[in-house]
Amino acid sequence: MIFVFYMRAASKAEHVEPELEGPAAMIESWGTRPRRAWTVSFFLLSGFTIFTAAEPFAEGLLATGRTFGIEEFILVQWLAPLASESPEFIVAILFALKGQPGTSMGALLSSKVNQWTLLIGMLPIVYAVSAGSAGGMQMDARQVEEMFLTAAQSIFAVAVLANLSFSLLEALIVFVLFWTQLLFPDPQFRFYYSFLYVVLAVGLVLVKKDVRDGFVALFSRASASSVIEKH
């Protein structure tokens, strides 16, 4: 439901027409029906490719971890997403290299919203269909820790971007915190890092006026949008 509201809001927001190049520019020159047909075809082909390659990739990844003595959870949690999300990173980097930071960050943030709404919301549904029952997913302690850590990271990211700017210092802090947490496999450190993210987020809101103003503006726009939709 949250993802549906996000899609509605995104569809009504102002947007800038992209500068198409290569195959995208060629397809754009075709008529409406051919473009839609090719778009659907690309979507189906991508889904089929993922469906056929996902299981061999996952099994091969786990087998590699067992061979080299690497914890399977780390490979699934960190290496697999880097491979699956590399197109998003490449697109964002290309936009940044072309001097379009807003579009670059927008692409990554849109992906994050998708992951925290549509993707996570679909997991219990798919699990219930696979299990043949309506019971929820049971999470172990490691999965709870990772969910808490990721949620704390997201809170800090919202605080960093609330003023619609992203400084080099903030980028360095995010980068260092993300990579150093991999050096400490002890579960306690995942909670330490989670609380650190939350403390930093609260500190930004309390110390920086532009961050507070960004939060106020964000919720003000959300309230105004809900009032407009009701009328």
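Located above this text is the structure these notes cover.
Model, not experiment: these values are computed from the prediction. (Residues numbered from 1 in each chain as written. Predicted model: local features only at pLDDT ≥ 70, side-chain atom pairs only at ≥ 80, totals over all residues. Heavy atoms only, no water.)

We now examine the environment of Leu45. For Leu45, the position within the fold is in helix H3 (residues 32–68). Along the primary structure Leu45 and Leu118 are separated by 73 residues, whereas in three dimensions their C-alpha atoms are 21 Å apart. (Helix = DSSP H or I, 4+ residues; strand = E, 2+ residues; numbered from the N terminus.)

In this section: the packing of aromatic side chains. Counted according to the given criterion, the structure contains 10 aromatic pairs. Measuring from ring centre to ring centre gives 5.6 Å for Phe148 and Phe195, while their planes differ by 75°; the resulting arrangement is edge-to-face. Separated by 47 residues along the polypeptide, Phe148 in helix H7 (residues 141–161) and Phe195 in helix H9 (residues 187–207) bring together distant segments of the chain. What makes Phe148 partly exposed here is its relative accessible area of 29%. Put simply, the rings of Phe184, Phe189, Tyr192 and Tyr193 touch in pairs and so form one group of aromatic residues. (Phe/Tyr/Trp six-rings, centres within 6.5 Å; stacked < 30°, edge-to-face > 60°. Buried < 20%, exposed > 50% of the residue type's maximum accessible area, 1.4 Å probe, protein only.)

Our focus in this paragraph is helix H4 (residues 72–84). Taking 1.5 Å per residue, 13 residues should reach 18 Å; H4 reaches 17 Å between its end C-alpha atoms and fits that length. Leu75, Trp78 and Ala80 are the residues of H4 that are buried. Contact partners of the buried residues in H4: H3, H7 and helix H8 (168–180). (Expected span 1.5 Å × (residues − 1). Contact = heavy atoms within 4.5 Å.)

Attention now moves to the pattern of salt bridges. Under the criterion given, the structure shown has five salt bridges. The salt bridge partner of Glu145 is Arg190, with a shortest N-O separation of 2.9 Å. Of the two residues, Glu145 sits in helix H7 while Arg190 sits in helix H9, which places them 45 residues apart along the sequence. Among the ionic pairs, Arg190 bridges to Glu146, the shortest N-O distance being 4.0 Å. Of this pair, Arg190 sits in helix H9 while Glu146 is found in helix H7, placing the two residues 44 residues apart along the sequence. Like Arg190, the residue Glu146 is buried in the burial classification. Several salt bridges converge on common partners, so that one network encompasses Arg142, Glu145, Glu146 and Arg190. (Salt bridge = Lys/Arg side-chain N within 4 Å of Asp/Glu carboxyl O.)

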